[in-house]
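Each chain is listed here by its residues.
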Amino acid sequence: MKTGLRLFLVDDNPADVGLTREALATSPRHSAIESVADGTEAMAFLECKGKYASAERPDVVILDLSLPKKSGLSVLAAMKDAPKLRGIPVVIFSTSQLNDDVLRSYEMGASCYVSKPGNLADFFAAVKSIEEFWCDRVRLPRQGE
Amino acid sequence: MSSAGVKLALVTPAPKAQLRVLLLEDNQLDAELVLRALRKGGWDVTARVVQDEAAFTLALRTYSPEIVLADFNLPSWTGMAALDVLRSETPDIPMILVSGALGDVTAVECIKRGVTDYVLKDGLARLPEAVRRALEENHQHALRRQAEENLARKVEELARSNADLEQFAYVASHDLQEPLRMVAAYTQLLSERYVGKLDENADKFLGYASEGALRMQVLIQDLLAFSRVGRSGTPGAKVDCNAVMQDVLKTLGPAVEESGAIVTCSELPVVWGERTQIAQVLQNLIGNAIKFRGTEPPRISVQAEKEESHWLFRVADNGIGIPAESVDNIFVVFQRLHGRTEYAGNGIGLAICKKIVERYGGRIWVESQVGGGSTFKFTLPLQPPDQPEEGKP
Amino acid sequence: MKPDDIEILLVEDSQDDVELALHTLRAENLANRILVARDGAEALDFLFCTGPHAGRSFDHPPKLVLLDLKLPKVDGMQVLKQMKGDPRTQHIPVVMMTSSREERDLVASYELGVNSYLQKPVDFSEFRTMVKLLGLYWLVINQPPVADHKSAVAGQKK
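Predicted model only: the values in this text are computed from it and were never measured.

A. Up close: the overall build of chain C. In terms of regular secondary structure, chain C is built from six helices and five strands. Each helix and strand of chain C, placed in order from N terminus to C terminus, yields the pattern β-α-β-α-β-α-β-α-β-α-α. Within chain C, the proportion of its 158 residues that are buried is 40%. Expressed as a percentage of contacts within chain C between residues at least 6 apart in sequence, the contacts between residues at least 24 apart total 68%.

Written as structure tokens, this is what we have:
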């Protein structure tokens, strides 16, 4: 098993961020988790602007759709428009199960779409699977491309 | 003026009823005769007499007659032209043509065009009764129109209120899910993290809180499913029930296997509706048949036959049956016949079936005996609504 | 098996890998409706409803395309490029599964929009584990879009 990912979590619900961190707390992979609560902060982080000047490029972005200031889909669009960010896989992690949201996410370049499960056990399993898959199985383009 | 020797079988209004007349007549004597005939017939008449279009139109607007009596032919105008003006100004006021000899053909034409009646000038004795009848007819029309309008308004209100309720149920269930998810997740986390580490009351309390939250989640999901039945929005289409059965049996696969159930199915028809909803009905009924089984493995049969105005579907099982007094209220939302520990579920499955079936204009009911199995029956229309009868389904 | 029911399109020319993958996916009950294309041209015919697959409709895409890089006739990168370049197929999840260790293949794939890129392990049992996890992740955890290709076309950047 490989050592952990740099995960970037964009979610405005602190309870869900808490649950995600809980889910990964016991993971042997020791992924590093950064999180922000709105779309504008997300872009600032990814573009290393202002207080995020020394932020490290994440390996995977876990993105909620309903965000204040800048929506998840516009963050996704901005990422795919930026040559330096385009290669970072984005996992949409959202409560919405609307097919429109799913379709739009794929159309705009999300790698996959996971809807947040309603119960604790499934939520934990989903988060752990996301980490396991993207950390152990997938080869990711590293720095700078 | 006496009508010597002629017995008039008139139904006169008594005591004298008031009548406000607009009389279109250029001949003064004829006008007099008309008014006298009315008075003789028991009417207390006030009248305005006009001869041309301008005066007529003005009178309609300012005089508010209850009835118009018009000559057929005037020097510069006609009774039928007056009728047109009447129809466009005050269509609710009836008109009686009072005229010299009219051929039968003309008379019928006039009535077809909207004149309520016609009376010959040499038969004015008939006039009071004709007026009474015209007013009565008008009154009845007005009443009926009013009733129809009331009904239409009530229907619209009901539809709006229904739509509001459904919207409310949907929004409430949908929006309730989020905070509930938080409560459920964190009470569970608390439970797991701190069980055994606080005092034993804490364990119990946490357990109850968790359990309550989880139950609420399921309840809300069920409510959401129920409220969605009306608002799905996908248009209907031809649905092959045999294909639907395949899907349903696949979905129920684990339950079928676990219970050893045998499900037989006769040739089912193609119906009109939404595939997911029809599947939901079959799935709920067959799922129930499996769930509420007796000591033997469930044997379930699904059949359909064509009756004069609908398809009659039958889902029969050999399960525990339903007591006679409960056959109606099992279809009520959240109504359950058994305790939570005996059989799982919220009691919404049948309510959903009923809502779906009734949405298509069908009925659902059950024939059952305790210990003797149940047969659920439901009907679906033969052809889609508002469509001409097709040759084959 | 009707062409519209395909859940996974496996594009792979190595017979051993095909058999192992099929066996794993079926044994884990992850998918029964798997179509195998032996080269890029066959894959493109299927996805774009041409040639022997001319009767197919764009309304029932597979939930997942497992794509090898090195393929006869048309290679995996070409297939990926065409898929991600066309609004009718762009939203279909594509997972590249290849023995290539070339960094530039990896980078190029992500640039083209591959959903994820996996390196085929040499070891058979590792391969099976990978396929199993792949299936689990992409078919169970992940929600594939239920495509309405008309809206897909309409939804493209205007």
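B. Just the sheet that holds strand E1 (residues 6-10) of chain A, in detail. Residues and elements named next belong to chain A. Strands sit in the order E2-E1-E3-E4-E5 across an open sheet of five strands; the sheet is parallel. Two strands in the sheet have a free side with no partner beyond their single neighbour: strand E2 (32-36) and strand E5 (112-115). Looking at each pair of strands side by side, their axes are set apart by 20° on average, direction ignored. As paired elements, E1 and strand E3 (residues 60-63) share four bridges and run parallel to each other. Counterpart to Phe-8 in the pairing with E3 is Val-61.

C. Structural view of the interface of chain B and chain A. Counting residues at the interface gives nine residues for chain B and eight residues for chain A. No other element matches helix H5 (residues 127-194) of chain B, which puts eight residues into the side of chain B that touches chain A. Looking at the side of chain B that touches chain A, its residues break down into five nonpolar, two polar and two charged.

D. Structural view of the nonpolar core. Grouped together as the largest cluster of nonpolar side chains are 87 residues, with contacts concentrated most on A:Leu63, C:Val11, C:Leu67, C:Val95 and C:Met96. Other than its neighbours up to four places away in sequence, C:Leu67 contacts C:Val11, C:Gly76, C:Val79, C:Leu80, C:Val94, C:Val95, C:Met96 and C:Met97.

E. Looking closely at the packing of helix H7 (residues 241-251) of chain B against helix H9 (residues 275-291) of chain B. Residues and elements named next belong to chain B. Taken N-terminus to C-terminus, the directions of H7 and H9 make an angle of 55°; their axes are 9 Å apart at the nearest point. On the basis of the axis angle, H7 is oblique to H9. H9 is crossed by H7, and the crossing has right-handed handedness. Contact residues: Cys-241, Val-244, Met-245, Asp-247, Val-248 and Thr-251 in H7; Arg-275, Ile-278, Ala-279, Leu-282, Gln-283 and Ile-286 in H9. Among the residues making up the contact of H7 with H9, the classes are represented as eight nonpolar, two polar and two charged.

F. Looking closely at the confidence of the model for chain B. On average, residues of chain B score 85 in pLDDT, and 89% of them reach the 70 mark or higher. The low-confidence segment residues 388-393 of chain B, where pLDDT is below 50, has four contacts with residues more than four positions distant or belonging to other chains.

G. Here's a closer look at the pairing of strand E4 (residues 90-94) of chain A. Residues and elements named next belong to chain A. With five of its five residues buried, E4 lies for the most part within the structure. Of the two faces of E4, the one carrying Val-90, Ile-92 and Ser-94 and the one carrying Val-91 and Phe-93 are both buried. Alignment of E3 against E4, held across three bridges, turns out to be parallel. Following the sheet pairing, Ile-62 is matched in E4 by Val-91.

H. Structural detail: the sheet that holds strand E3 (residues 64-67) of chain C. All names here are of chain C. Pairing in this open sheet of five strands is parallel, and the strands run E2-E1-E3-E4-E5 from one edge to the other. At either end of the open sheet lies a strand with only one pairing partner, and these are strand E2 (34-37) and strand E5 (116-119). The average angle at which neighbouring strand axes cross in this sheet is 20°, direction not considered. For strand E1 (residues 8-11) and E2, the ladder comprises four bridges, and the chain directions are parallel. Of the residues in E2, the one forming a bridge with Leu-9 is Leu-35.

The rules behind the values
Residues take numbers from 1 onward in each chain, read along the sequence in its written order. Throughout, the order in which chains and ligands are written sets their labels, letters from A for the former and numbers from 1 for the latter. Per-residue local features are limited, in this predicted model, to residues with pLDDT of at least 70; the limit for side-chain atom pairs, both in listing and counting, is 80 or more; totals at the level of whole chains, interfaces and linings are taken over all residues. Where helices and strands are cited, they refer to DSSP runs of H or I of at least four residues and of E of at least two residues respectively, numbered from the N terminus. Exposure criterion: with C-beta atoms placed from backbone coordinates, a residue whose C-beta has 20 or more other C-beta atoms within 10 Å is buried, one with 12 or fewer is exposed, and one in between is partly exposed. Contact criterion: two residues are in contact if their C-beta atoms, reconstructed from the backbone, are within 7 Å. A pair of strands counts as paired when DSSP detects no fewer than two bridges linking them. Lines are fitted to the C-alpha atoms to define the axes, a helix being fitted only along its stretch in contact, and any angle between axes, read from their N-to-C directions, falls within 0 to 180 degrees. Classification convention: Asp, Glu, Lys, Arg as charged; Ala, Val, Leu, Ile, Met, Phe, Trp, Tyr, Cys, Pro as nonpolar; all other residues, Gly among them, as polar. Structurally, a nonpolar core is described as a collection of buried Ala, Val, Leu, Ile, Met, Phe, Trp, Tyr and Cys residues joined by way of C-beta atoms within 7 Å. Put simply, angles under 35 degrees are roughly parallel, angles over 145 are roughly antiparallel, angles from 65 to 115 are roughly perpendicular, and the rest are oblique. Crossings are classed by handedness, with left-handed meaning an anticlockwise turn of the near helix from the far one by less than a right angle and right-handed meaning a clockwise turn. The pLDDT value expresses, per residue, how confident the predictor is, ranging between 0 and 100.

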